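Spelled out from the first residue to the last, the chains are:
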Amino acid sequence: MERLYDVYHRLLSNTNVAFKRFIWSEIDWNDRLIALMGSRGVGKTTLMLQYLKENYPKDNDVLYVSLDDIYFSNHKLVEFAGDFYNHGGKYLFLDEVHKYPAWSVEIKNLYDSYPDMKIVFSGSSVLDIYKGRGDLSRRVSAYFVPEMSLREYIELEYGIRFPSFSLETLLSDHLSISRDVCEKLKPLAVFKEYLINGCYPFYKESKPRYLERLQHVVNTVLETDVPITQGVEYKNIIKLKSLIEIISSNVPFVPNMTKLAAMVKVDRKTLYHYLEILERAGIILLLKSGKAGLSRMRKPEKIFPGNVNILNALADEKPDRGNLRETFVFQQLKPKYKVNYTDRGDFLVAGKYTFEVGGKNKSFDQINDVPSSFLVIDNVESGRGNRIPLWLFGFLY
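Small disclaimer: the values here were computed from a predicted structure and weren't measured.

Asker: Looking at this structure, how should I read unusual backbone geometry?
Answerer: When glycine is set aside, most residues are seen to have a negative phi, and most peptide bonds are trans. In the segment running from V251 into P252, the intervening peptide bond is cis, with an omega of -10°. For P252, the location among the structural elements is in the loop between α9 (237–248) and α10 (257–264). Its identity as a non-glycine residue notwithstanding, A350 has a phi of 55°, on the positive side. Its location among the elements puts A350 in the loop between β9 (347–349) and β10 (353–358). On the accessibility criterion, A350 (42% relative accessible area) is partly exposed. Look at N379: it is not a glycine, yet its phi comes out positive at around 60°.

Asker: Looking at this structure, I do not really get the pattern of salt bridges. What am I missing?
Answerer: Pairing is possible between side chains that carry opposite charge, provided their charged atoms lie close to one another. On inspection of all chains with the given rule, the structure shows 22 salt bridges. Across the salt bridge formed by K108 and D112, the nearest N and O atoms sit 3.2 Å from each other. Note that K108 and D112 are positioned in helix α4 (residues 103–113) at a spacing of 4 residues, about one turn of the helix. Look at the salt bridges and you will find they share partners, linking K108, D112 and R139 into a network.

Asker: Got a minute to help me understand the packing of α9 against helix α11 (residues 268–280) in this structure?
Answerer: The axes of two packed helices give the description: the angle between them and the distance between them. α11 packs onto α9 with a crossing angle of 75° between their chain directions and a minimal axis gap of 11 Å. Here α9 is positioned roughly perpendicular relative to α11, judged by the angle of their axes. Of the residues in α11, those in contact with K239, L240, L243, I244 and I247 of α9 are L271, Y274, L275 and L278.

Asker: I would appreciate a short explanation of helix α6 (residues 167–182) in the present structure.
Answerer: An α-helix turns once every 3.6 residues. As a result, residues three or four positions apart point the same way. The first and last C-alpha atoms of α6 sit only 19 Å apart over 16 residues, clearly below the 22 Å expected at 1.5 Å per residue. The sharpest bend along α6 reaches about 90° and sits at D173. Within the span of α6, buried status applies to L167, L170, L171, H174, I177, S178 and V181. Lining the buried residues of α6 we find α13 (321–333), β9, β10, β11 (373–377) and β12 (387–389).

Rules used throughout
Residues numbered from 1 in each chain as written. Predicted model: local features only at pLDDT ≥ 70, side-chain atom pairs only at ≥ 80, totals over all residues. Heavy atoms only, no water. Helix = DSSP H or I, 4+ residues; strand = E, 2+ residues; numbered from the N terminus. Buried < 20%, exposed > 50% of the residue type's maximum accessible area, 1.4 Å probe, protein only. Salt bridge = Lys/Arg side-chain N within 4 Å of Asp/Glu carboxyl O. Axes fitted to C-alpha atoms, helices over the stretch in contact; angles between N-to-C directions. Parallel < 35°, antiparallel > 145°, perpendicular 65-115°, else oblique. Contact = heavy atoms within 4.5 Å. Expected span 1.5 Å × (residues − 1). Bend = angle between axes of the 7 residues up to and from the residue.

Below you can see the structure in the form of structure tokens.
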């Protein structure tokens, strides 16, 4: 265990607390059992270490460990945590829980056995924390960590902090909001950067190799996380990759489920399951109708890449600007709002707002008689009336 403490303190000393993800302020850190779920690279590990550095920098009753450490190949988590507790441990932070086979059962046992110990754990977004063998649904406070917003990218890259806005505020006050932003930077130039390298904090490590590294992240999710968490045999991972390639070649992809299943060489039920896995992994976004029905077996009307950086990383050639626009709006809305398909416009949001996305010359013709409808316009710094600058949707979180 001494080595685990050494690793923890080394990681802590190298943790920068200058920039924090928005979710930091939304987490109730006083809860006894907290789950941080999200796709690879969004900053879950950094989030935990930042909290520890700011609140328990020299405390011996706190420990962070990653459950993919070789230590746990020969030691059970419950035994390790029991030893930690018996030596005065009070706060246990567990990373990469999906790499540990019996994680849900053993975390439940820890929660029940040590009522005065607080546990924070992180895991892949592919993991369903409510369907493990251990029933955590009544115990855990779960938070989803999405990719960085445009607002967060601006803070990390330029050190300029702007507040986030609710959708209602953005729609009603977009003129004053855009004016305030434009006084401090050129949003269209920054937006252009974000499309290529702004969704994951690790872009800072090497911008020239960022998209290549993002390709590796997608491969790691498919080849490691999915088999571990979903029980998909490795021989079938090639079918998931084939599915991604088909979708990436035509964005947004309008699926014919029968033809798509035949192309991937799976039945329709398996195809729906694979699409659900890829969506939870953050690799794709599924745009579905808002009509009642079983969500899992409801045909998606359109399929998008998980975010604009993934679109750039997986595309065989430079992505179409229209596809980038729609993908950006969808990804920025989804963490906070329900987004559905509509045949009048591009997106129906929160069951109320209709958005049509386009360039400077986009007209209201398609949505002119639709209540609460708005044009989301690219390549403009500010809008007017119900014409909203597209880049402003990056300030929703």
